[in-house]
Amino acid sequence: MIYDTKIISRKTGWIIILSVCAFTPVYLYYVKQQRKESVTNYSTHPRVGDIYKIQQDTPEDGVSVFYLKVIHTGNQDVHFYRSRMIGTIPNDAILKQFDATRQMVLTKTELAEISAGKWMTAAKDKTQLIEIERKQ
């Protein structure tokens, strides 16, 4: 039998496009659920080495993303190293470089507010915790 290669190519192309379109929303939903689960499981009990991915939305700058790395936990507060840079997208390779001279201290109450998406640093700023990475 002789097959028309154009039909096979076109059919294969459509199968690939439809597969990607079907797979993408499922994958994005899975990633979102994993992030929510990490915040729920780890936000109440921070450990040294945890990395917090924070998203901040301000009227002046728009949406920005930065990372915090836990360096010490106390009874009422948590000490972090802040990432060297702030980005508009969560680029792990660049933003996960931490500066030991830029420390930040948050109380556990503030951390809970950030986890719930209710922490306001200024009148219209919105800060929320996107994800917590913990090395097992």
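As a reminder, the structure under discussion sits directly above these lines.
Just so it is clear, the model here is predicted, and its values are computed rather than measured. (Residues numbered from 1 in each chain as written. Predicted model: local features only at pLDDT ≥ 70, side-chain atom pairs only at ≥ 80, totals over all residues. Heavy atoms only, no water.)

Asks: I'd like a rundown of the overall build of the protein chain, residues and numbers included.
Replies: Of the regular secondary structure elements, the protein chain holds three helices and five strands. Looking at the protein chain as a whole, 29% of its 136 residues are labelled buried. Expressed as a percentage of contacts within the protein chain between residues at least 6 apart in sequence, the contacts between residues at least 24 apart total 49%. Here the protein chain displays about 9,400 Å² of accessible surface, and carbon together with sulfur accounts for 57% of that area. (Helix = DSSP H or I, 4+ residues; strand = E, 2+ residues; numbered from the N terminus. Buried < 20%, exposed > 50% of the residue type's maximum accessible area, 1.4 Å probe, protein only. Contact = heavy atoms within 4.5 Å. Areas by Shrake-Rupley, 256 points an atom, 1.4 Å probe, with all protein chains shown as cover.)

Asks: Break down the packing of aromatic side chains for me, citing the residues and quoting the values.
Replies: Given two aromatic rings, one states the distance between the centres and the angle between the planes to describe the pair. Within this structure, the stated rule accounts for two aromatic pairs. Between phenylalanine 23 and tyrosine 27, the aromatic rings sit 5.9 Å apart at their centres with planes inclined by 20°, giving stacked as the arrangement. You can see phenylalanine 23 and its partner tyrosine 27 sitting in helix α1 (residues 5-42), four residues apart, about one turn around the helix. Here the aromatic rings of tyrosine 52 and phenylalanine 80 are separated by 5.4 Å at their centres, their planes lie at 80°, and the arrangement is edge-to-face. Of this pair, tyrosine 52 sits in strand β1 (residues 51-58) while phenylalanine 80 sits in strand β3 (residues 77-83), placing them 28 residues apart in sequence. The pair formed by tyrosine 52 and phenylalanine 80 is uniform in burial state, with each residue classed as buried. The ring of phenylalanine 66 is capped by arginine 82, whose NZ or CZ atom sits 4.1 Å from the centre of that ring. (Phe/Tyr/Trp six-rings, centres within 6.5 Å; stacked < 30°, edge-to-face > 60°. Lys NZ or Arg CZ within 6 Å of the ring centre and 35° of its normal.)

Asks: A description of a nonpolar patch on the surface should follow, citing residues and the corresponding values.
Replies: Taken together, Phe23, Tyr27, Leu28 and Tyr30 make up a surface patch of nonpolar side chains, about 470 Å² in accessible area. Since its relative accessible area comes to 52%, phenylalanine 23 is described here as exposed. (Patch = residues over 30% accessible without salt bridge, like charges linked within 9 Å, V, L, I, M, F, W, Y side chains within 5 Å. Salt bridge = Lys/Arg side-chain N within 4 Å of Asp/Glu carboxyl O.)

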